[in-house]
Amino acid sequence: DGGITQSPKYLFRKEGQNVTLSCEQNLNHDAMYWYRQDPGQGLRLIYYSQIVNDFQKGDIAEGYSVSREKKESFPLTVTSAQKNPTAFYLCATRTENTGELFFGEGSRLTVL
Amino acid sequence: AQSVSQHNHHVILSEAASLELGCNYSYGGTVNLFWYVQYPGQHLQLLLKYFSGDPLVKGIKGFEAEFIKSKFSFNLRKPSVQWSDTAEYFCAVNGSSGYQKVTFGTGTKLQVIP
């Protein structure tokens, strides 16, 4: 089944722990994105990658890190330096020909 | 830096009313513009997009948007809303060349009352 798989869907962590959210795609898209969705704040861009081994900071990259070692995978690590990590995280890919973003189901992280 | 403003945060309409949601963007170059919709419990999905050409673009479910370059605007319209249009709507922009950073607005929640 084609698409974007984010895991886990729900995650609880204690303060001070790093957490890695997985994003895997089989759409063969080069560009991948991580957004954070908070009520009333829309989607804010954390990191994006246009190609393997390359990524760029978005608008709210502090406290997050990513890697892009494979075209299919773009994991996001929420580090202990992120001051307000509790949020809904969305991964997306973008198709080159239409520019449309395709989104995963999201991961909801709660830090206790 | 690119940015998107959506001034209407929450809109309540009766069925059959007309809809217009505002979107203004800031970007120092040629842009691609998008409207996405998120129905309750569902993924974000594309409603319509503008790349070039006719500034009036039509999307799915009877939605349309008009790109007005002089006003940096890309407002979403629908002549007659239905209860099933209840959703959150997001405007997005990216520069049409170079790094493809896609920036979203804060979203507008539309509630349609039967």
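Quantities reported herein were computed from a predicted structural model and do not represent experimental measurements.

Novice: Just checking my understanding: could you explain the packing of aromatic side chains for this structure?
Specialist: The geometry of an aromatic ring pair comes down to the distance between the two centres and the angle between the two planes. Applying the stated rule across the entire model yields 16 aromatic pairs over all chains. With centroids separated by 6.2 Å and ring planes inclined at 15°, the aromatic side chains of tyrosine 33 of chain A and tyrosine 35 of chain A adopt a geometry described as stacked. The two residues tyrosine 33 of chain A and tyrosine 35 of chain A agree in class, both being buried. On the numbers, 5.5 Å between centres and 70° between planes, the contact of tyrosine 25 of chain B with phenylalanine 72 of chain B is edge-to-face.

Novice: Explanation requested: the interface of chain A and chain B in the structure shown.
Specialist: For interface size, the figure often reported is the accessible area lost on association. Taken together, the contact pairs 23 residues of chain A with 19 residues of chain B. Between chain A and chain B, a total of about 1800 Å² is buried, with carbon and sulfur atoms accounting for 56% of that surface. For the pair chain A and chain B, the number of links is 8 residue pairs in polar contact (both at pLDDT 80 or more). Every element with two or more residues in the side of chain A that touches chain B is listed here: strand E4 (31–38), strand E5 (42–51), strand E6 (54–57), strand E9 (87–94) and strand E10 (101–103) of chain A. Broken down by element, the side of chain A that touches chain B gets its largest block of residues, 5 residues, from E5 of chain A. Residue classes in the side of chain A that touches chain B are distributed as 8 nonpolar, 10 polar and 5 charged.

Novice: Sorry if this is basic, but what is going on with the state of the cysteines here?
Specialist: Put plainly, a disulfide is one covalent bond tying together the sulfur atoms of two cysteines. With the rule as written, the count across this model stands at 2 disulfides over all chains. Here cysteine 23 of chain A is linked by a disulfide to cysteine 91 of chain A, with a sulfur-sulfur distance of 1.9 Å. Around the S-S axis, the bridge from cysteine 23 of chain A to cysteine 91 of chain A shows a dihedral of about -75° and counts as left-handed. Taken together, the residues span a long stretch of sequence, with cysteine 23 of chain A in strand E3 (residues 19–25) and cysteine 91 of chain A in strand E9 at a distance of 68 residues. The pair cysteine 23 of chain A / cysteine 91 of chain A is uniform in exposure class, with both members buried. A sulfur-sulfur separation of 1.9 Å characterises the disulfide bridge that pairs cysteine 23 of chain B with cysteine 91 of chain B. Judged by the sign of its S-S torsion, about -65°, the bond between cysteine 23 of chain B and cysteine 91 of chain B is left-handed. Of this pair, cysteine 23 of chain B sits in the loop between strand E3 (19–21) and strand E4 (24–26) while cysteine 91 of chain B sits in strand E10 (residues 87–95); the two residues are 68 residues apart in sequence, bridging distant segments of the chain. No difference in accessibility class separates cysteine 23 of chain B from cysteine 91 of chain B, as the two residues are buried.

Novice: Explanation requested: the sheet that holds strand E8 (residues 76–78) of chain A in the structure shown.
Specialist: Strands in a sheet are paired, the pairing made by backbone hydrogen bonds, and the direction either parallel or antiparallel. Residue and element names in this part refer to chain A. Judged by pairing direction, the sheet is antiparallel, and its 4 strands sit side by side in the order E1-E3-E8-E7 without closing on themselves. Two strands bound the open sheet, and with one partner strand each, they are strand E1 (4–7) and strand E7 (64–66). Pairwise comparison of adjacent strand axes, ignoring direction, gives a mean angle of 20° for this sheet.

Novice: Just to check I follow, could you spell out the pattern of salt bridges for this structure?
Specialist: Pairing of side chains with opposite charge becomes possible as their charged atoms draw close. Applying the stated criterion to the full structure yields 10 salt bridges over all chains. Close ionic contact of arginine 94 of chain A with glutamate 96 of chain A constitutes a salt bridge, the shortest N to O distance being 3.7 Å. Classification of arginine 94 of chain A as buried rests on a relative accessible area of 3%. Across the salt bridge formed by lysine 58 of chain B and glutamate 64 of chain B, the nearest N and O atoms sit 2.9 Å from each other.

Novice: In this structure, what is going on with the side chain of asparagine 32 of chain B? I would like to understand it.
Specialist: By secondary structure assignment, the location of asparagine 32 of chain B is in strand E5 (residues 31–38). Apart from the residues lying within four places of it in its own chain, the contact partners of asparagine 32 of chain B are Tyr50, Phe51, Ala92, Val93, Asn94, Gly95 and Ser96 of chain B.

Rules used in this analysis
- Residues numbered from 1 in each chain as written.
- Chains lettered and ligands numbered in written order.
- Predicted model: local features only at pLDDT ≥ 70, side-chain atom pairs only at ≥ 80, totals over all residues.
- Heavy atoms only, no water.
- Phe/Tyr/Trp six-rings, centres within 6.5 Å; stacked < 30°, edge-to-face > 60°.
- Buried < 20%, exposed > 50% of the residue type's maximum accessible area, 1.4 Å probe, protein only.
- Contact = heavy atoms within 4.5 Å.
- Buried area = accessible area lost by both parts, 1.4 Å probe.
- Polar contact = N/O pair within 3.5 Å; in protein donor to acceptor, adjacent residues only side chain to side chain.
- Helix = DSSP H or I, 4+ residues; strand = E, 2+ residues; numbered from the N terminus.
- Nonpolar A, V, L, I, M, F, W, Y, C, P; charged D, E, K, R; others polar.
- Disulfide = S-S within 2.5 Å.
- Pairing = 2+ DSSP bridges.
- Axes fitted to C-alpha atoms, helices over the stretch in contact; angles between N-to-C directions.
- Salt bridge = Lys/Arg side-chain N within 4 Å of Asp/Glu carboxyl O.

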